[in-house]
Amino acid sequence: MMALTDASRHDCLEGRGPELTLVGFQDDATGHILAAHFQLEDENTVGYLRALHALITLHGIPLSLYRDRHSIFQRNDAHWTLAEQLAGKQSPTQLGRALEELGIAQIPAYSPQAKARIERAWRTCQDRLVSELRLAQAATLAEANAVLENFCADYNRRFAHPPADADSDLRRLPRRFDLVRCLSLRYQRVVAADHAVALGAQSSALPPLPAHRGYAGETVELSHQLDGILRIYRADQLLLALPLPLEELAQPRPVRITSPQKRKTSMPRIYNLSGRPALAAVT
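These numbers come from a predicted model, not from an experiment.

As a further point, take the nonpolar core. If you look at the biggest cluster of nonpolar residues, it comprises 41 residues, and the most contacted ones within it are Phe25, Leu52, Leu95, Leu102, Leu183 and Leu222. For Leu95, the residues in contact, after removing those within four places along its chain, are Thr45, Tyr48, Leu49, Leu52, Ile72 and Phe73. Counting 23 residues, the second largest nonpolar core, distinct from the first, contains Ala121, Leu133, Leu148 and Cys152.

Structure, rendered in structure tokens:
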């Protein structure tokens, strides 16, 4: 019913290669490691999306996810756009939006001890897994992930235990559900007058419509997917697909909407001049 998730950065290769970040999911009932992988980057949204894709394709969709309060999962800022104020809630993060679409409830942990089970699993990885990587002389990301796959299978055989109730609540994907589009970095853009949309420094011209009609002023969705392809959609219609290295785009921070502050009028200072009150120049 519930999966635990966390990420841990550690010098797993002991100087033979770069530092790696371990991202993964663990079953709360059995302790079974459901999905895990190493990455070169620090804990980030793309890493969790990749691990979530592996979890869903291998096992199914959990009912809930127990995680920390990292800004990858939830908005921790106090900035509200006008649209968010009218809706009564902040827009979710990229990962939060994907979890909502999948129907996975999020349960935040308020202390490291609250998710001690996955913390213990990661501590085991920092001990036994490091030894396995040393014995295999792993020095690259690909070699480390190959050792990790075998280690997780052995870990599950040794330490996972059967649940009290054998019925699984992991759900299958609904028919015609676009998991690839769901687990992508998605941005809304308004098409410019030259029928182009921009994502960071990349500008893409959209193909023309029949009868020389265009898209200027329309809102389209840019879906930067895990396979490194940027796909542009108009509703559910695919307009354009082009290769683009997958990088998270820092969204501009929304402007906080506050009530206008009235500027106070400067008042002249009063002082005594030869025993008589006088006004000083306003500064």
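Below, the discussion takes up the packing of helix H4 (residues 116-135) against helix H5 (residues 141-159). Relative orientation and spacing of two packed helices are given, respectively, by the angle between their axes and the distance between those axes. Their axes nearest at 10 Å, the elements H4 and H5 cross at an angle of 125°. With respect to H5, the axis of H4 lies oblique. Where H4 crosses over H5, the two elements pack in a sense that is right-handed. Across from Ala121, Thr124, Cys125, Arg128, Leu129, Glu132 and Leu133 in H4, the residues of H5 making contact are Ala144, Val147, Leu148, Phe151, Tyr155 and Phe159. Considered class by class, the residues forming the contact of H4 with H5 number 10 nonpolar, one polar and two charged.

Further remarks concern the packing of aromatic side chains. Within this structure, the stated rule accounts for three aromatic pairs. Between Tyr155 and Phe159, the ring centres sit 5.0 Å apart and the planes meet at 55°, which makes this aromatic pair tilted. Of this pair, Tyr155 and Phe159 both sit in helix H5, four residues apart, roughly one helical turn. Residue classification places Tyr155 among the buried residues on the basis of a relative accessible area of 9%. In this structure Phe159 comes out as partly exposed when scored by relative accessible area, which is 38%. Counting every residue linked through ring pairs, the aromatic cluster contains Phe151, Tyr155 and Phe159. Positioned above the aromatic ring of Tyr233, the side-chain terminus of Arg181 is 3.9 Å from the ring centre.

What follows deals with the pattern of salt bridges. Within the structure shown, the criterion is met by 16 salt bridges. Here Glu19 makes a salt bridge to Arg9, at a shortest N to O gap of 3.5 Å. Separated by 10 residues along the polypeptide, Glu19 in the loop between strand E1 (2-10) and strand E2 (20-27) and Arg9 in strand E1 bring together distant segments of the chain. On the accessibility criterion, Glu19 (40% relative accessible area) is partly exposed. The salt bridge involving Arg181 is made with Asp236; its shortest N-O contact spans 3.2 Å. Taken together, the residues Arg181 in helix H6 (residues 179-182) and Asp236 in the loop between strand E10 (229-234) and strand E11 (237-243) connect sequence positions 55 residues apart. Looking at Arg181, the relative accessible area reads 10%, which means it is buried.

What counts and what doesn't
Residues numbered from 1 in each chain as written. Predicted model: local features only at pLDDT ≥ 70, side-chain atom pairs only at ≥ 80, totals over all residues. Heavy atoms only, no water. Core = buried A, V, L, I, M, F, W, Y, C linked by side-chain atoms within 4.5 Å. Buried < 20%, exposed > 50% of the residue type's maximum accessible area, 1.4 Å probe, protein only. Contact = heavy atoms within 4.5 Å. Axes fitted to C-alpha atoms, helices over the stretch in contact; angles between N-to-C directions. Helix = DSSP H or I, 4+ residues; strand = E, 2+ residues; numbered from the N terminus. Parallel < 35°, antiparallel > 145°, perpendicular 65-115°, else oblique. Left-handed = near helix turned anticlockwise from the far one by under 90°. Nonpolar A, V, L, I, M, F, W, Y, C, P; charged D, E, K, R; others polar. Phe/Tyr/Trp six-rings, centres within 6.5 Å; stacked < 30°, edge-to-face > 60°. Lys NZ or Arg CZ within 6 Å of the ring centre and 35° of its normal. Salt bridge = Lys/Arg side-chain N within 4 Å of Asp/Glu carboxyl O.

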